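Here is what each chain is made of, one letter per residue.
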Amino acid sequence: MKLTQRSKSILGLIGITIGAIIAAYGVQGFIVPSGLGGGGVGGIALLLYYTFKLPIGLMTFLLNIPLLVLGWREVNKQFVFKTIWGLVIFSTSLDLFKGVQPVALNDIFLGALYGGVISGISSSLVFHFGGSLGGTDIVSKVIQRKYGVPMGTSALAINGVIIMISWAILGSKATLYTLVTLFVYGRVLDLIQSGVPSKAITIISDQSEVLVDRIMIDLGRGATFLHGRGAYSNEPKNVIICVVSLPEIGRLKQAVREVDPLAFMIVQNAGEVLGRGFVTNE
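Rules of the game
Along each chain, the written sequence defines residue order, and numbers are assigned to residues from 1. Totals for whole chains, interfaces and linings use every residue, but because this is a predicted model, local features are given only for residues with pLDDT of at least 70 and side-chain atom pairs only at 80 or more, for both listing and counting. The side-chain figures draw on all heavy atoms in the structure; neither hydrogens nor water molecules are used. Only DSSP runs of H or I reaching four residues or more are called helices, and only runs of E reaching two or more are called strands; each is numbered from the N terminus. Working definition: with a 1.4 Å probe on protein chains only, accessible area under 20% of the residue-type maximum means buried, over 50% means exposed, and in between means partly exposed. Any two residues having at least one pair of non-hydrogen atoms within 4.5 Å are treated as being in contact. Here, Shrake-Rupley sampling with a 1.4 Å probe gives the accessible areas, and only protein chains in the shown set may cover a residue. Charged-residue counts in this description rest on Lys and Arg as positive and Asp and Glu as negative, His and the chain ends being excluded. Charged groups are reduced to one reference atom each: NZ for lysine, CZ for arginine, CG for aspartic acid, CD for glutamic acid. In this analysis, strands are considered paired if DSSP registers two or more bridges between them. In this analysis, axes come from line fits to C-alpha atoms, helices being fitted only over the stretch in contact, and the angle between any two N-to-C directions falls in the range 0 to 180 degrees. Grouping buried Ala, Val, Leu, Ile, Met, Phe, Trp, Tyr and Cys residues that are joined through side-chain atoms within 4.5 Å yields what is termed a nonpolar core. We define a salt bridge as a contact between a side-chain nitrogen of Lys or Arg and a carboxyl oxygen of Asp or Glu at a distance within 4 Å.

Novice: Give a description of the overall build of the protein chain that names residues and reports values.
Specialist: Along its length, the protein chain carries 11 helices and four strands. Overall size of the protein chain, expressed as C-alpha extent along the three principal axes, is 75 × 50 × 35 Å. When each of the 282 residues of the protein chain is scored for burial, the buried share is 44%. In the protein chain, once contacts between residues fewer than 6 apart in sequence are set aside, the share between residues at least 24 apart is 72%. In the form shown here, the protein chain has an accessible surface area of approximately 15,400 Å², with 63% of it arising from carbon and sulfur atoms. Taken as two groups, the 22 positive and 15 negative side-chain charges of the protein chain have centres that lie 11 Å from each other.

Take a look at the structure:
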């Protein structure tokens, strides 16, 4: 059943709402009880809470206003609207969840770990539906749009100044564990945004036709021939290019060994794959 544009918009707002609530729960449930900081606007709001007891949610919203102006100028208006929606839900939920602690954490590392995982998952859910939770997310979106830098990577890079301030206020231990939170957040975000981990395979073999048949039959994957020429032999060769998921790489190696043990194979990480059988951009 094909959804109408109105239904897609409503579904998107629901997804952003769920993501924003989960993100707020992760902050109040794991990061705050552990005394950890954060990056970007959220990190500043946490520092203001620890220092002056100012409401985290309210300060998060107020500090995001200049960035929303940036988003309005640099990113499409629909994204900014969804960001405002997510930010309102996120900021409100942050103050509503104050004092909530799902488990008694006696280990700051667990707080950093789970805080980063929950933040990464919730932000990915919000991004999936075309919004963000403001702050560094807006800046990262602008950088991704202009330069193609992964959002998790740019978010980690631009948080350096906030971390230095956190070091002075929270101390070295809390700040170092905050870095763990940010690293986990960035990795989870990049992983989910890129989809299932995949491998790009380049194979040079005298049995290229047979190998492609094995790839299509055994793995159900397509492949492409590139025409090459051996530098030493000066003979024409077919270069096989294909992409497989991580669990399939073992079966592919086995097929290559069986067909041509002398084949030259390069295995590379594919950061993002769009198309049939992988992540789609619809």
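Novice: Just give me the short version of the environment of Leu70, but keep the residues and values in it.
Specialist: Within the element layout of this structure, Leu70 appears in helix α3 (residues 56–74). The sequence separation of Leu70 and Val142 amounts to 72 residues, and the corresponding C-alpha distance is 9.0 Å.

Novice: Explain the pairing of strand β3 (residues 236–245) residue by residue, including any values.
Specialist: When strand β1 (residues 198–204) meets β3, the two strands line up antiparallel, connected through seven bridges. The residue of β3 that forms the bridge with Ser198 is Ser245. Turn length for the strand β2 (residues 224–229)-β3 hairpin, with the two strands adjacent in sequence and antiparallel, is six residues, and the turn residue Asn234 shows positive phi of about 65 degrees.

Novice: Any details on the environment of Val188? Residues and values, ideally.
Specialist: Position of Val188 relative to the elements: it lies in helix α9 (residues 172–194). Residue classification places Val188 among the buried positions, given a relative accessible area of 16%.

Novice: Help me get a handle on the side chain of Ser91, residues and values and all.
Specialist: Positionally, Ser91 belongs in helix α4 (residues 77–96). On the accessibility criterion, Ser91 (6% relative accessible area) is buried. Setting aside anything within four residues of it in sequence, one finds Ser91 in contact with Gly57, Thr60 and Phe61.

Novice: Give me the lowdown on the sheet that holds strand β4 (residues 264–270), citing residues and values where you can.
Specialist: Strands in a sheet are paired, the pairing made by backbone hydrogen bonds, and the direction either parallel or antiparallel. Reading across the sheet, the four strands line up as β2-β3-β1-β4 and stay open at both edges, with antiparallel pairing between neighbours. Every interior strand has two partners, whereas the edge strands, β2 and β4, have only one. Neighbour-to-neighbour, the strand axes of the sheet open up by a mean angle of 25 degrees, direction not taken into account. Of the strand pairs in this sheet, β2 and β3 are connected by six bridges, and their pairing is antiparallel.

Novice: Any chance you could break down the nonpolar core for me, citing the residues and the numbers?
Specialist: Generally speaking, nonpolar side chains in soluble globular proteins are found buried as a group. The biggest cluster of nonpolar side chains holds 22 residues, and the ones touching the most others in it are Val27, Val32, Leu46, Ile56, Phe90, Leu94 and Leu133. Broken down by secondary-structure element, the contributors of at least two residues to this core are α1 (5–31), α2 (40–52), α3, α4 and α5 (108–128). When residues of this core are assigned to their parent elements, the largest contribution, six residues, is made by α1. Setting aside anything within four residues of it in sequence, one finds Ile56 in contact with Gln28, Val32, Ala45, Leu46, Tyr49, Leu94 and Asp95.

Novice: Could you give an account of the pattern of salt bridges, naming the residues involved and the relevant values?
Specialist: On inspection of all chains with the given rule, the structure shows two salt bridges. Glu258 is the partner of Arg214 in a salt bridge, and the nearest nitrogen-oxygen pair spans 2.9 Å. Here Arg214 is found in helix α10 (residues 208–219), whereas its partner Glu258 is found in helix α11 (residues 249–259), with 44 residues between them in sequence. Classification of Glu258 by relative accessible area gives partly exposed; the value is 47%.

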